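Structural features, examined
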Amino acid sequence: MTHSTSARDVVKALKDVDFPAGKDTLIEAASRSGASPDVIKALRGIPPEQYNNREEVARSVRVDPVSDLGLSPAQRAEQARERGRPGQSQHLRDVPKPPVEEELDR
C-alpha cells in the first residue's frame, strides 16, 4: 500500500486546531485549511479518540513509514516487533533508540 502524504503535511494542515480535539474536529479543520485530499483521507483513517496535540495525531495517522519522522531502520524494526496502543499505526509508535545507536550518538 502506497501512502501519498507525510506526517509533516498532516501537522501543517492542523496548525489552527485547538487541542484537545476529536477526529471529526481534526478533519473539519484540515478541510478548512485547504489540506489535500490525501491528508483528509489519512485523517479519516485515525482512531476516533481525543488527541491532545499534533504529535499524537501524527503518530496515529497512517503515512509512509520513512516519510519524515527521522526514524532509523533499527527503530522501525523495533516498532514492528513491539505492540502499541490499539488503533495506532504500527510504524509510528514511539520506540527508544537501541543501546548501540545511543552509544554511537555520544
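We now turn to the structure provided with this report. (Residues numbered from 1 in each chain as written. Predicted model: local features only at pLDDT ≥ 70, side-chain atom pairs only at ≥ 80, totals over all residues. Heavy atoms only, no water.)

Looking at helix 2 (residues 23-32)
Where we set the bar: Each residue is placed in one exposure class: buried if its accessible area under a 1.4 Å probe, protein chains only, is under 20% of its type's maximum, exposed if it is over 50%, and partly exposed if it falls in between. Numbering of helices and strands runs from the N terminus; a helix is a DSSP stretch of H or I covering at least four residues, while a strand is a stretch of E covering at least two. Taking the helix axis as origin, the arc is that swept by the directions to the C-beta atoms.
Turning to helix 2, its buried residues number three or more, namely Lys-23, Leu-26, Ile-27, Ala-29 and Ala-30. Seen end-on, helix 2 carries its buried residues on one side only, within an arc spanning 165°. Along helix 2, exposed side chains directed more than 90 degrees from the buried face belong to Asp-24 and Arg-32. Gly-34 lies just past helix 2 and shows a positive phi near 80°.

As for the packing of helix 2 against helix 3 (residues 37-44)
To keep things clear, this is the line we draw: With axes taken as lines fitted to C-alpha atoms, and helix axes fitted only over the stretch in contact, angles between N-to-C directions fall between 0 and 180 degrees. Here the word oblique covers every angle except those under 35 degrees (roughly parallel), over 145 (roughly antiparallel) and from 65 to 115 (roughly perpendicular). The contact criterion used throughout is that any non-hydrogen atoms of two residues lie within 4.5 Å.
Helix 3 packs onto helix 2 with a crossing angle of 175° between their chain directions and a minimal axis gap of 9 Å. The pairing of helix 2 with helix 3 is recorded here as roughly antiparallel in orientation. From helix 2, Lys-23, Leu-26, Ile-27, Ala-30 and Ser-31 reach across to helix 3, where they touch Ile-40, Leu-43 and Arg-44.

Remarks on the pattern of salt bridges
This is how the line gets drawn: Basic side-chain nitrogens of Lys or Arg form a salt bridge, by our definition, when they fall within 4 Å of a carboxyl oxygen of Asp or Glu.
This structure, assessed with the given rule, holds one salt bridge. Among the salt bridges present, the one from Glu-55 reaches Arg-59, with a minimum N-O distance of 2.5 Å. Taken together, the residues Glu-55 and Arg-59, both in helix 4 (residues 54-60) and four residues apart, mark about one turn of the helix. A relative accessible area of 47% places Glu-55 in the partly exposed class. Taking the relative accessible area as the measure of exposure, Arg-59 reaches 22% and is therefore partly exposed.

Here we look at the side chain of Glu-56
Heads up, the rule is: Polar contacts here mean pairs of N or O atoms no more than 3.5 Å apart (in protein, one a potential hydrogen donor and the other a potential acceptor; neighbouring residues in sequence count only if both atoms are side-chain atoms).
Take Glu-56: it is sitting in helix 4. Separated by 2.9 Å, the side chain of Glu-56 and the backbone nitrogen of Asn-52 make a polar contact. Among residues more than four places away in sequence, those in contact with Glu-56 are Gln-50 and Tyr-51.

Remarks on the nonpolar core
Our working rule: By nonpolar core is meant a set of buried Ala, Val, Leu, Ile, Met, Phe, Trp, Tyr and Cys residues that side-chain atoms within 4.5 Å join together.
Core analysis: the largest hydrophobic core is formed by 17 residues, its most contacted members being Val-10, Leu-14, Leu-26, Leu-43 and Val-57. Non-local contacts of Val-57, meaning those with residues more than four positions away in its chain, are made with Val-10, Leu-14, Phe-19, Leu-26, Leu-43 and Tyr-51.

A word on the environment of Val-57
With respect to the helices, strands and loops of the structure, Val-57 is situated in helix 4. Assessed through its relative accessible area of 1%, Val-57 is described here as buried. Spatially, the C-alpha atom of Val-57 lies 9.6 Å from that of Pro-47, the residues being ten residues apart in sequence.

Things to note about helix 3
Those residues of helix 3 that sit buried are Val-39, Ile-40, Ala-42 and Leu-43. Along the axis of helix 3, the buried positions cluster into a sector of 160°, meaning they face one direction only. More than 90 degrees from the buried face of helix 3, the exposed residues found are Pro-37, Lys-41 and Arg-44.

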